[in-house]
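# What the coordinates show
Next come the chains, spelled out residue by residue.
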Amino acid sequence: AYLNAATVYKAFNRLKPSLDLFKKARKIYEKELKDNDYRLGGLYNNYGLTLLDLKEFDKAIDMFNKAISIMKHTENGELEQAITHLNIANTYENMLGLEKAEEKISKELDIAEKLLLSENVAKDGYYAFVCEKCAPTFLYYGRFAFSGDLNKKAKEIYERS
C-alpha cells in the first residue's frame, strides 16, 4: 500500500509525501523480501524516479543501480533493466546538462538498446508496452531509427493479438 500511495503522490508531483512513503515501503520490502525479488527492484526504480525529481541525483542513480542489480538476476529482467538504464540517462542529463552528459547518456542508451534487442526477451504484449514506453526517450536523444523500430515492433505485436 505504501508503494502504491507513493507512486500516486509522485504522479501528482507531491514529491515529499511520495519520498516519505517510498522510505516506509523500502523498510518493509528490505525486511520481508529476498534480496533478488523483482518487487524490490521495482521499488528501487520508482523510488529513484522520485529522487530524480527532487534533484537528488546521486541517490537516484544509487537506487537505479540497485534495481538493475536485482533485475540482472530476475527471469525476464532485461526489459526492466532497459527502462532503468533510460532513467539513468535522464538523470545524467538533469545532473550534468545534455552536452556534458552526452557520453554517459550514450552509454546508457547503448545498454538499453542491447537489452531491448535481446534474444531472451519474449516478444509479447508486455514487450510491446515497454517498446512504446522507451521509444520517446530514444527519439528525444536523437536515435530516430531505433525509436521508430520500437514503435513498429509494438504495433506488429498488437496487431497479432
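About the criteria used
- Residues numbered from 1 in each chain as written.
- Predicted model: local features only at pLDDT ≥ 70, side-chain atom pairs only at ≥ 80, totals over all residues.
- Heavy atoms only, no water.
- Patch = residues over 30% accessible without salt bridge, like charges linked within 9 Å, V, L, I, M, F, W, Y side chains within 5 Å.
- Areas by Shrake-Rupley, 256 points an atom, 1.4 Å probe, with all protein chains shown as cover.
- Salt bridge = Lys/Arg side-chain N within 4 Å of Asp/Glu carboxyl O.
- Helix = DSSP H or I, 4+ residues; strand = E, 2+ residues; numbered from the N terminus.
- Core = buried A, V, L, I, M, F, W, Y, C linked by side-chain atoms within 4.5 Å.
- Buried < 20%, exposed > 50% of the residue type's maximum accessible area, 1.4 Å probe, protein only.
- Contact = heavy atoms within 4.5 Å.
- Phe/Tyr/Trp six-rings, centres within 6.5 Å; stacked < 30°, edge-to-face > 60°.
- Lys NZ or Arg CZ within 6 Å of the ring centre and 35° of its normal.

## A few points about a nonpolar patch on the surface
Together, Tyr126, Phe129 and Tyr158 give the surface a local cluster of nonpolar side chains, amounting to about 300 Å² of exposed area. Tracing the chain through its elements places tyrosine 158 in helix α8 (residues 144-160).

## Observations regarding the nonpolar core
For soluble globular proteins, nonpolar side chains are generally found buried alongside one another. The biggest cluster of nonpolar side chains holds 48 residues, and the ones touching the most others in it are Leu40, Leu43, Ile105, Leu116, Cys134, Phe138 and Leu150. Mapped by element, the contributors of at least two residues to this core are α1 (2-11), α2 (15-32), α3 (38-53), α4 (57-71), α5 (78-96), α6 (102-116), α7 (125-140) and α8. Of the residues forming this core, the biggest block, eight residues, is contributed by α4. Dropping the residues within four chain positions of it, leucine 43 is found in contact with Leu3, Phe22, Ala25, Arg26 and Tyr29.

## Description of the packing of aromatic side chains
Per the counting criterion, the structure on display carries four aromatic pairs. Ring centres of phenylalanine 138 and phenylalanine 146 lie 4.8 Å apart, and the angle between their planes is 75 degrees; this geometry places the pair in the edge-to-face category. With a centroid separation of 4.8 Å and an interplanar angle of 80 degrees, the aromatic rings of tyrosine 140 and tyrosine 141 are classed as edge-to-face. Tyrosine 140 sits in the exposed class, given a relative accessible area of 51%. Its guanidinium or amino end placed over the ring of tyrosine 92, lysine 104 lies 5.1 Å from that ring's centre, counting from NZ or CZ. In this structure, lysine 123 is placed above the aromatic ring of tyrosine 127, and the distance from its NZ or CZ to the ring centre is 5.1 Å.

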